[in-house]
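Okay, here's what each chain looks like letter by letter:
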Amino acid sequence: MITELGHFALLLALAVAVVQMVVPAVGAHVRDQRLMAVAYPASLLQLALVAGSFLALTYAYVASDFSVENVFLNSHSTKPLVYRISGVWGNHEGSMLLWVLILAAFGAAVALFGANLPPTLKANVLAVQASIALAFLLFIATTSNPFLRIDPVPADGRGLNPILQDPGLAIHPPLLYGGYVGFSMAFSFAVAALIEGRTDAAWARWVRPWTLAAWMLLTVGIAMGSWWAYYELGWGGWWFWDPVENASFMPWLAGTALLHSALVMEKREALKVWTVLLAILTFSLSLMGTFLVRSGILSSVHAFAVDPKRGIFILVIMVLFIGGSLLLFSIRSGTLRQGGIFAPISREGALVLNNILLAAATATVFVGTLYPLALDALGGGSISVGAPYFNLTFGPLMVPLLLALPFGPLLSWKRGDAAAAMQRLLVAVVVTTLAAAAALAWQSPGPWLAPFALALGVWVIAGAVTEIAFRVKAGTAPWPEVIRRLRHLPLSSYGAALAHIGVGISVIGIVATSAWRTETVVALKPGEKLEIAGYQLEFRGTAPGTGPNYKELTGQFAVTRGGTPVTTLAPSKRLYDQPRQATTEAGIHVGWRGDLYAVLGDEQPGGAYTVRVYFNPLVRFIWLGAIVMFLGGALSLSDRRLRVGAPRRAKARALQPAE
Amino acid sequence: MRILLLALSLLFASLSAGIHTAHAVEPDEILADLVLESRARRLSAELRCMVCQNQSIDDSNAPLARDLRLLVRERLKAGATDAEVRAFLVARYGEFVLLKPPLSTGTVLLWLTPLLVLAGIGVLVAARLRAGASPAAVAGQQLTEDERRRVEAILARDDAKS
């Protein structure tokens, strides 16, 4: 019954999406207030219906209703409650429903908080949002319906892949989708702006918080996935340049560029056309990410053929939205007036450089990900493009970006003074040089480039601190004045600096763990010891155990350092019942120098076990940096000046179309 | 993320056989010669495990990956250079085995992408900046003689009305 209600709500949502797409857009065209006003209740109703549909599916999972095919295929009665809930989006159909739910939530947010938007812009934005919702609801209803029943009702479900039975799964996809779908806001605003033929600072002011929110979610979403892979997959890798990872990384890169170009547009009314294009491209990359993952075209060409209907449907959605919006862009972008000229050495110039490098990086990841497919399709043979390619191409593009980063915020708008900025960065230069020298002296044999790469991270952090120090006149003004300035500095300035510090922290983590990771692989018998990175590990033997839906074998390792006990590591091998699959649970000790990461392997003849122990220096910095970036974004978002609706009266009036 | 890939393979159940939580190098594979072993590791990281999803043979515990790891070490012990080992594997399995595709007519575009994009956007931006900074553009921000006369005329008319 509840399942049927959910199904019905889904179809109703589809009908509402049609109304929400057509009526407000027509209203905006003929300037009819009543028609435009339909968007408000429609978008709220849309959210209610999709949420109802989603809850119905969740109920089926929680109640283990195996008469629903989707539940039967992806759940099992012995699965813990939390994984029954997160299992809702641990499969194709459910995750698409989550996608639309988040989309509807963003749409409703515009309706609720967009009171100060010009009515036509708001109507058009919501209409564009509805068109995206319509496409995906149609996709779900026709090719990926999670509410289908099966008869006879099976006794129990097939279960969820044990690797996905992890707290990470509960958080990672919603965050990632929040980011993907959040960029639809930028897209809808861009398309609405093109339809209206106008963009201005107020437009950018509206787009930026939404883009920032989406970017924040995507940042922690990607970090979360990386962390999850790190502890779950059992060999301590944290990034693989895997096509599916790249699919989420491309929108992040483009979104990062968009954040910065929207800043120029908001403050200086420049880069309008580029910002609109970037908004379209960012969401297009999100759509493509969904397509790549959902069609299965990347993991295997054969998977695409398993259900060509799905792949082709998403391909059509993609072509319609990306092609349509780019066509609209090519026709209408000429109507957007360019403003604000600036010298190459200026804040704008620095942000343009940021955009050039990020665009090139995005293009590199894009080409690297799709090249094997394209070459194969053109009969050029099958090649592999893997991590070595991306490290060689993406890495060098990041060097100038990180080198130039500290200069940007220190240059003034319109016309900056590079020499003065350099002078202000003198302390940062000294700190960075010392860091490089220290790393060079510390690493006995090691990659000669690593200390310099590490210093890049230090440079970015020192640069961000320098910027704040410069803004509050630390060192030049008397202390009371500095404190007064510290208190009055806008939160968005702190936010930007903090986000940049986060970038620096991540860079340090990435470099350190890539360059100085150590590893020992040995066969150990109980009582034997191994040594790694200053730690001694004594193997104490193994013990069997059982969990709610698995059996496991846990190894015990006593860890000491210089004779003093540090911790006990207990890596295990699990065998899940349903489906029958083995997983590896690493034993991880988090220390301030890095992670000690132990994995229990197979039993060898003679009672020994293969034991793998890694030391990953500063690996936590990678995710810590992402969290700091997120906090920076949050700080910036909480700035009154950026907050949606803050400059209500004046802006709303200024935005009225001149008729 | 990789995990989504795993989720995906769950959907396309036929693929799930290809999933391995990685275990990679086994103790019995490791060469006594440390220099050779580290060369083997470096090479392994650039060779694809062909039955896996985007994993190098260094990362994968698939039986094929183990065979290839042993093969690489065997060739190295026989005195082959890194390039010879790669060539040997390409002759056997095709270029698909290399995670870093060699520069060829088919891959020239792949390798030149970063430079081409950088140069392309750079040229566009430079042209824009020059146009923006040119006297013409600056003049475009000011009123032309004709515009000034029209503004004066409009102002004069408004004055006359009031």
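Keep in mind the model is a prediction, meaning the values are calculated, not measured.

Along its length, chain B carries 7 helices and 0 strands. Ordered by position in the sequence, the α and β elements of chain B form the string α-α-α-α-α-α-α. Classification of the 162 residues of chain B by burial places 33% in the buried group. Put simply, of all contacts in chain B between residues at least 6 apart along the chain, 49% involve residues at least 24 apart.

So, on to the environment of Pro173 of chain A. Relative to the helices and strands, Pro173 of chain A resides in helix α8 (residues 167-196). In the structure, Pro173 of chain A is positioned 96 residues away from Glu269 of chain A in sequence and 36 Å away in space, judged by C-alpha atoms.

Residue and element names in this part refer to chain A. Look at helix α21 (residues 620-637): 26 Å from first C-alpha to last across 18 residues, which is about the 26 Å you get at 1.5 Å a residue. Burial in α21 covers these residues: Phe621, Ile622, Trp623, Gly625, Ala626, Val628, Met629, Phe630, Gly632, Gly633 and Ser636. Contacts from the buried residues of α21 go to α9 (201-232) and α20 (491-516).

Turning our eyes to something else, we now look at the nonpolar core. Counting residues in hydrophobic clusters, the biggest one holds 235 residues, and the most contacted among them are Val100, Ala186, Phe189 and Ala279 of chain A. Those residues in contact with Phe189 of chain A that sit more than four places away from it in its chain are Val125, Trp203, Trp206, Val207 and Ala279 of chain A.

All names here are of chain A. For the bond from Asp151 to Pro152, the omega torsion is 0°, close enough to zero to count as cis. Unusually for a residue other than glycine, Arg31 sits at a positive phi of about 55°. Its place among the elements puts Arg31 in the loop between α1 (2-30) and α2 (33-37).

Residue and element names in this part refer to chain A. Across the sheet, which stays open at both edges, the 4 strands sit in the order β1-β10-β9-β8 with antiparallel pairing between neighbours. The open sheet has two edge strands with one neighbour each: β1 (518-524) and β8 (587-590). When strand polarity is set aside, the average angle formed by the axes of neighbouring strands in this sheet is 15°. Sheet topology places strand β9 (residues 594-603) next to strand β10 (residues 609-617); 8 bridges connect them, and they run antiparallel. For Ala598, the partnering residue across the bridge sits in β10 and is Val613.

Sheet faces and side chains relate simply in a regular strand, where the side chains alternate between the two faces. All names here are of chain A. Pairing of strand β6 (residues 572-576) with strand β7 (residues 581-585), which is carried by 5 bridges, proceeds in the antiparallel orientation. Opposite Ser572, over in β7, you have Glu585 as the bridge partner. Joining the antiparallel neighbours β6 and β7 is a turn of 4 residues.

Okay, the confidence of the model for chain B next. Residues and elements named next belong to chain B. Confidence along chain B averages 76 in pLDDT terms, with 73% of residues attaining 70 or more. Mean pLDDT across the elements of chain B bottoms out in helix α1 (residues 2-11) (42) and peaks in helix α4 (residues 82-93) (92). Confidence drops under a pLDDT of 50 for residues 1-22, and excluding neighbours within four residues, the segment shows 65 contacts in the predicted structure. For this predicted complex, the interface confidence score (ipTM) comes to 0.81, while the overall pTM stands at 0.88.

Residues and elements named next belong to chain B. Within helix α2 (residues 34-44), burial applies to Ala40, Leu43 and Ser44. Taken around the axis of α2, the buried residues stretch over an arc of 95°, which confines them to a single face. Exposed side chains of α2 directed beyond 90 degrees from the buried face belong to Leu34, Val35, Ser38 and Arg42. Contacts from the buried residues of α2 go to α3 (63-77) and α4.

Residue and element names in this part refer to chain A. Here Pro162 shows up in the loop between α7 (119-143) and α8. For Pro162, a count of 23 C-beta atoms within 10 Å gives the class buried. In the structure, Pro162 is positioned 415 residues away from Asp577 in sequence and 9.2 Å away in space, judged by C-alpha atoms. The contact partners of Pro162, leaving out residues within four places of it in the chain, are Tyr550, Arg574, Tyr576, Gln581 and Thr583.

As a further point, take the packing of helix α17 (residues 426-442) of chain A against helix α18 (residues 450-471) of chain A. Residues and elements named next belong to chain A. For the pair α17 and α18, the least separation of the axes is 8 Å and the interaxial angle reads 155°. As judged from the angle between their axes, α17 and α18 are roughly antiparallel. For the crossing formed where α17 meets α18, the hand is right-handed. Taken together, the residues of α18 that come into contact with α17 (itself represented by Val427, Ala428, Val431, Thr432, Ala435, Ala436, Ala439 and Leu440) are Pro451, Phe452, Leu454, Ala455, Val458, Trp459, Ala462, Gly463 and Thr466. Among the residues forming the contact of α17 with α18, the class breakdown is 14 nonpolar, 3 polar and no charged.

Residue and element names in this part refer to chain A. According to the domain assignment, chain A consists of domain 1 (2-393), domain 2 (409-517) and domain 3 (518-620). For domain 2 and domain 3, the distance between their C-alpha centres works out to 38 Å. Of the residues lining the interface, 6 residues belong to domain 2; the matching set on domain 3 comes to 9 residues. Taken together, the residues of the side of domain 2 that touches domain 3 break down into 3 nonpolar, 2 polar and 1 charged.

Another point: the confidence of the model for chain A. Interpretation of the predicted coordinates at a detailed level should be avoided for regions scoring low in pLDDT. Residue and element names in this part refer to chain A. For chain A, per-residue confidence averages 87 on the pLDDT scale, and residues scoring 70 or more make up 94% of the total. Predicted confidence is poor over residues 300-305, with pLDDT under 50, and the contacts of this stretch with residues over four places away or in other chains come to 8 contacts. Counted against residues more than four places away or in other chains, residues 644-659, with its pLDDT under 50, gives 17 contacts.

All names here are of chain A. Pairing geometry for strand β3 (residues 535-546) and strand β4 (residues 550-561), over 11 bridges, is antiparallel. By the bridge assignment for β4, Thr546 is matched with Lys551. Two elements, β4 and β6, share 5 bridges in a ladder whose sense is antiparallel. Its bridge partner being in β6, Glu552 is matched across the sheet by Arg574. Looking at chain direction, β4 and strand β5 (residues 564-569) are connected through 5 bridges and run antiparallel. If you follow Thr560 over to β5, its bridge partner there is Pro565. Counting the residues in the hairpin turn of β4 and β5 gives 2 residues, including Gly562, whose phi is positive at 60°.

Procedures and definitions
- Residue positions are given per chain, counting from 1 as you read along its sequence in written order.
- By the order in which they are written, chains take letters starting at A while ligands take numbers starting at 1.
- The predicted origin of the model limits local features to residues at a pLDDT of at least 70 and limits the giving and counting of side-chain atom pairs to 80 or more, whereas totals for whole chains, interfaces and linings rest on all residues.
- Only DSSP runs of H or I covering at least 4 residues are called helices, and only runs of E covering at least 2 are called strands; the numbering of each starts at the N terminus.
- Burial is judged by counting other C-beta atoms within 10 Å of a residue's own C-beta: 20 or more means buried, 12 or fewer means exposed, and anything between counts as partly exposed, with every C-beta placed from the backbone.
- Here contacts are defined at the residue level, using C-beta atoms placed from the backbone and a cut-off of 7 Å between them.
- Expected span of a helix, by definition, is 1.5 Å for each gap between consecutive residues, and there is one gap fewer than residues.
- Note on definitions: a nonpolar core is a set of buried residues drawn from Ala, Val, Leu, Ile, Met, Phe, Trp, Tyr and Cys, linked by C-beta atoms within 7 Å.
- DSSP bridges decide pairing: two strands pair if at least two such bridges lie between them.
- Every angle, taken between N-to-C directions, lies between 0 and 180 degrees, and every axis is a line fitted to C-alpha atoms, over only the stretch in contact when it is a helix.
- For every residue, the predictor reports its confidence as pLDDT, a number between 0 and 100.
- Along the arc lie the directions from the helix axis toward the C-beta atoms.
- When describing relative orientation, an angle under 35 degrees is termed roughly parallel and one over 145 degrees roughly antiparallel, while 65 to 115 degrees is termed roughly perpendicular and anything else oblique.
- The sense of a crossing depends on the near helix, which, turned anticlockwise from the far helix by less than a right angle, makes the crossing left-handed and, turned clockwise, makes it right-handed.
- Three classes are used: nonpolar for Ala, Val, Leu, Ile, Met, Phe, Trp, Tyr, Cys and Pro, charged for Asp, Glu, Lys and Arg, and polar for all others, with Gly counted as polar.
- Start and end positions for the domains come from either an automated domain assignment or a database one.

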